[in-house]
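Listed below are the residues making up each chain.
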Amino acid sequence: MSLESFFDPKSVAIVGASRQKGKVGYEILTNMVASGYEGKIFPVNRSADTVEGLKCYPDLKSIGETPDLALVIVPARFVLGVIEECAEIGTKSVVIITAGFKEIGEEGKKLEEEIIRVARRAGIRIIGPNCLGVVVTATKLNASFGGDLPAVGGTGYLSQSGAMLAAILDTAKANGIGFSSLFSIGNKADVDELDLVQALASDPNTKVIAGYLESITDGNEFVREAERISHDKPILLMKSGGTAAGAKAASSHTGSLAGSEVAYECMFARAGIIRCDSITQQFDFAQAFANQPLPKGANVVVLTNAGGAGIMAADAIERQGLTFAKLSEKTIEQLAANLPAAANLHNPVDVLGDALADRYEFALDVLLDDPGVDSVLVLLTPQAMTEAQGTAEAIARTTQAKPDKPVMACFMGASKVEEGIGVLREAKIPQYDSPEGAVTTIRAMTDYVRWRNQPKRVVKLFPVNRRKVESIIERHLRKNMREIGEAESKEILEAYGFATPKGSIATTADQAANIADQLGYPVVLKIWSPDILHKSDVGGVKVGLKSAQQVRDAFDLMMYRVPKKMPNAHILGVLVQEMCASGREVILGMHRDPHFGPLMMFGMGGVMVEVLKDVAFYLAPLTGDEAKQMLMNTKTYRILQGVRGQEGVDIEAIAEGLQRLSQLVTEFPQIQEMDINPFVVGLPGTTPIAVDARISVEK
Ligand code: ADP
Ligand code: MG
């Protein structure tokens, strides 16, 4: 159901309006009046005739017409009655400011559920309870107790914390930053973050969606929708707190390395959401995304009146992985013809300490025409002759005439640049306290553009033997076995097109030697027990056995040693395996996040995974490009490509392995966690081998 009445109500009832200064019911009423809201306001209060000069009603029914929106501020125990009244008179949109529900425990939770039940039956949408309210600048609706109505702007904000919203409003006011609307979502008993992101996506006054979230109600749905919306409007999120995923003890390498933070990172990367670390950064980003065009590429030019500031910017550009724009011959000639001889004509372009506004204006105009420039950062330090205000006006004029490239400003200082900054704000030119802040913003915009321009995601499907996998998993689940050991994990992998070492199970030394004879030497012996997850930890792996005698000896030694280390483990025998040709050992893994689904992992493999932690994650299902991107996000990638005269390995084959694994875990939601470690890869053209694997399943 549409949330339109929250944005543009023709009339608002304030249930619990108060005459007493300092009470929420008073603050909200005075905020509504002071902000100049043009619709009708109906204060509702049983024991007052007028409040702030407005006629007061004892209850909703006595108003005699149906308010589009009701704000509810009465104590928790009366709220249900108010919602029932809303149902009776036909008010469909309600903001419950009152606290004392789910957040206080079982009793509050029951009350909240009862309210939602009544609301659902009557088709009422509820924001809150336990929230700060709603602010919409276009309709001058300040239905909140967060402070004054902010300036009009292109950012629509939603916050899971009312207090954070108050801080945001205050910061925005001090910096003259505008909003289209702000929503405090409180307990999100009905309207949740996704509803609001969707509403802001279709709100014509909102250019950028920003928010502060602590949890996401439906992870999968959120990713899907955010991915769709991000193509039209950037989504900037601050996220704190974790999910339950990290809390559960993990038995796989992948599980122990994937926390809830990783899941959120993956979700943001998939959906094109821009993550912000602080309110300051979020404002830095929001003012640029809302008011400036997006850069076409990563080439940044710096225009400055001071060498030092230029160097700071240059350092930041390098740190953020952006490109220092190389200016064209034509640009340099034009600059040379009009700037003083001492000026630096190359990036950073230095118009010198005595530059007046006209020099900035000329140089900015020339730079914006250079096809090798994607964005401009204008730095200004207040020196003796500097015209901060005039320069700001010059920037405004120039960008109005040439509006296709983003221009950021960093006027450094305080009182001497204050008026200039005021002009920049007026002209919607983002102003930053430091070159770093501006450059980080350009980086965020560049990343976003890259995400938006990536080709449509196409996930490749490989022909596989699903039936086989299904029967192995079913058999384990029927017997209530959660762990699938090495031998059967490999059967599963084979069904999905992986190569595994040949081998069989032996229960005696002679049997082991016989198998080894058939396989051919050298062979590997591995302990076979459902209770031992990491075999080498307990002396349960012996590689490079070259003769039947060595196999027999290794068998006896293993049967003697392993039980000493793990007296309670049920040991079934050993696995005799062909020895794979040497190669690089990598790990391919998956951990299923309860909110966002399968997280794929790639990294440096072997027994040191947890120590080195050189791993990358991505949400399944993976495309070929994403699989390769995962590889590139690790340091291991450099080694795999070949370093110091060593030959590189088959990168494509690893990417294919990741995609096959991604298909497996997508098709079998029973698989909770799994590792292929090591996945041994050799030279290009050779087949990589899944040497060890383990899978854990759940119903
Ligand atoms: P675990 O991880 O339970 O300790 P693995 O089967 O992964 O046991 O074996 C540990 C290490 O032994 C591997 O990382 C690999 O270096 C080596 N290894 C195991 N099996 C083979 C094999 N068939 N061929 C070559 N090396 C192997
Ligand atoms: Mg292993």
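Since the model is a prediction, treat every value here as computed from it, not as a measurement. (Residues numbered from 1 in each chain as written. Chains lettered and ligands numbered in written order. Predicted model: local features only at pLDDT ≥ 70, side-chain atom pairs only at ≥ 80, totals over all residues. Heavy atoms only, no water.)

1. A word on the overall build of the chain
Then, number 1: When helices and strands are counted, the chain shows 24 helices and 30 strands.
Then, number 2: Expressed along its principal axes, the backbone C-alpha trace of the chain runs to roughly 100 × 80 × 40 Å.
Then, number 3: Residues counted as buried form 56% of the 699 residues belonging to the chain.
Then, number 4: Within the chain, contacts between residues separated by at least 24 positions form 72% of all contacts whose residues are at least 6 apart in sequence. (Helix = DSSP H or I, 4+ residues; strand = E, 2+ residues; numbered from the N terminus. Buried < 20%, exposed > 50% of the residue type's maximum accessible area, 1.4 Å probe, protein only. Contact = heavy atoms within 4.5 Å.)

2. Considerations on helix α15 (residues 418-426)
Then, number 1: Within α15, the full set of buried residues consists of Gly 420, Ile 421, Val 423 and Leu 424. End-on view of α15: buried residues confined to an arc of 155 degrees, all on one side of the axis. Opposite the packed face of α15, turned more than 90 degrees from it, sit the exposed residues Glu 418, Glu 419 and Glu 426.
Then, number 2: Packing partners of the buried residues in α15 comprise α14 (388-401) and β19 (407-411).
Then, number 3: In the segment just after α15, Lys 428 is the residue with positive phi, at about 60 degrees. (Arc of directions from axis to C-beta.)

3. Considerations on the sheet that holds strand β1 (residues 11-15)
Neighbouring strands of a sheet are bound in pairs by backbone hydrogen bonds; such pairs are parallel or else antiparallel.
Then, number 1: Here we have five strands laid out as an open sheet, ordered β2-β1-β5-β6-β7, and parallel in their pairing. Looking along the sheet, the strands with just one partner apiece sit at the ends: β2 (40-44) and β7 (125-127). Strand-to-strand twist across the sheet, computed as the mean angle between neighbouring axes with direction ignored, equals 20 degrees.
Then, number 2: By the bridge criterion, four bridges tie β1 to strand β5 (residues 69-72) in an arrangement that is parallel. Within β5, the position partnered with Val 15 by the bridge is Val 72. (Pairing = 2+ DSSP bridges. Axes fitted to C-alpha atoms, helices over the stretch in contact; angles between N-to-C directions.)

4. Observations concerning the packing of helix α12 (residues 329-338) against helix α13 (residues 357-369)
Then, number 1: Closest axis-to-axis distance for the α12/α13 pair is 10 Å, and the angle between their directions is 170 degrees. By the criterion of interaxial angle, the relationship of α12 to α13 is roughly antiparallel. Within the contact between the two elements, α12 uses Thr 331, Gln 334, Leu 335 and Asn 338 and α13 uses Phe 362, Ala 363, Val 366 and Leu 367. (Parallel < 35°, antiparallel > 145°, perpendicular 65-115°, else oblique.)

5. A look at the domain arrangement of the chain
Then, number 1: Partitioning the chain into structural domains gives domain 1 (4-206), domain 2 (293-452), domain 3 (466-578) and domain 4 (584-697).
Then, number 2: Centre-to-centre, using C-alpha coordinates, domain 2 lies 43 Å away from domain 4. (Domains from an automatic or database assignment.)

6. Side note on the coordination of the magnesium ion (ligand 2)
Then, number 1: Taken together, the protein ligands of the magnesium ion (ligand 2) are Asn 677 (O) and Asp 692 (OD), with distances of 2.2 to 2.3 Å. You can see Asn 677 sitting in strand β28 (residues 671-681) and its partner Asp 692 sitting in the loop between β29 (689-690) and β30 (693-697), a full 15 residues away along the chain. An identical accessibility class is assigned to Asn 677 and Asp 692; each is buried. (Donors = N, O, S within 2.8 Å, 3.2 Å for Na, K, Ca; no water.)

7. Observations concerning the site of ligand 1
Then, number 1: In the region of ligand 1, 17 residues are neighbours, and Lys 526, Lys 535, Ser 536, Glu 585 and Asp 692 sit closest.
Then, number 2: In the model, an oxygen atom of ligand 1 is placed 2.8 Å from a nitrogen or oxygen of the Lys 526 side chain.
Then, number 3: At a separation of 2.6 Å, an oxygen atom of ligand 1 approaches a polar backbone atom of Lys 535.
Then, number 4: Among the residues making up the shell around ligand 1, the classes are represented as eight nonpolar, four polar and five charged.
Then, number 5: For the shell around ligand 1, the domains that each give at least three residues are domain 3 (466-578) and domain 4 (584-697). (Near = heavy atom within 4 Å. Polar contact = N/O pair within 3.5 Å; in protein donor to acceptor, adjacent residues only side chain to side chain. Nonpolar A, V, L, I, M, F, W, Y, C, P; charged D, E, K, R; others polar.)

8. Some details on the sheet that holds strand β24 (residues 573-578)
Then, number 1: Ordered by their spatial adjacency, four strands build an open sheet running β21-β24-β22-β23, and the pairing between neighbours is antiparallel. Each edge of the open sheet carries a strand with a single partner, namely β21 (503-506) and β23 (541-545). Going across the sheet, the axis of each strand differs from the next one's by a mean of 20 degrees, ignoring polarity.
Then, number 2: Set on the sheet, helix α18 (residues 486-495) makes contact with β21, β22 (523-528) and β24; between it and β24 the angle comes to about 40 degrees.
Then, number 3: Where helix α20 (residues 548-565) meets the sheet, it contacts β21, β22, β23 and β24, and its direction lies at approximately 25 degrees from that of β22.

9. So, unusual backbone geometry
Then, number 1: Asn 347 connects to Pro 348 through a cis peptide bond whose omega is -5 degrees.
Then, number 2: Its place among the elements puts Pro 348 in the loop between α12 and β17 (349-350).
Then, number 3: Going from Asn 677 to Pro 678, the amide bond is cis rather than trans, its omega being 5 degrees.
Then, number 4: Along the chain, Pro 678 turns up in strand β28.
Then, number 5: Located in the positive-phi region is Asn 130, a residue other than glycine, with phi close to 65 degrees.
Then, number 6: Along the chain, Asn 130 falls in the loop between β7 and β8 (133-136).
Then, number 7: Within the chain, Lys 613 stands out as a residue other than glycine whose phi angle is a positive 50 degrees.
Then, number 8: With respect to the element layout, Lys 613 can be found in the loop between α21 (609-612) and β27 (615-619).

10. As for the environment of Ile 651
Then, number 1: As for its position among the elements, Ile 651 is in helix α24 (residues 651-667).
Then, number 2: C-alpha of Ile 651 to C-alpha of Leu 631: the two residues are 20 residues apart in sequence and 8.3 Å apart in space.
Then, number 3: Once residues within four sequence positions are removed from consideration, Ile 651 is found in contact with Leu 631, Tyr 637, Leu 640 and Gln 641.

11. Considering the environment of Gly 255
Then, number 1: Considering the arrangement of structural elements, one finds Gly 255 in helix α8 (residues 253-257).
Then, number 2: Overall, the relative accessible area of 7% leaves Gly 255 in the buried class.
Then, number 3: Residues Gly 255 and Pro 129 lie 126 residues apart in sequence; the distance between their C-alpha atoms is 36 Å.

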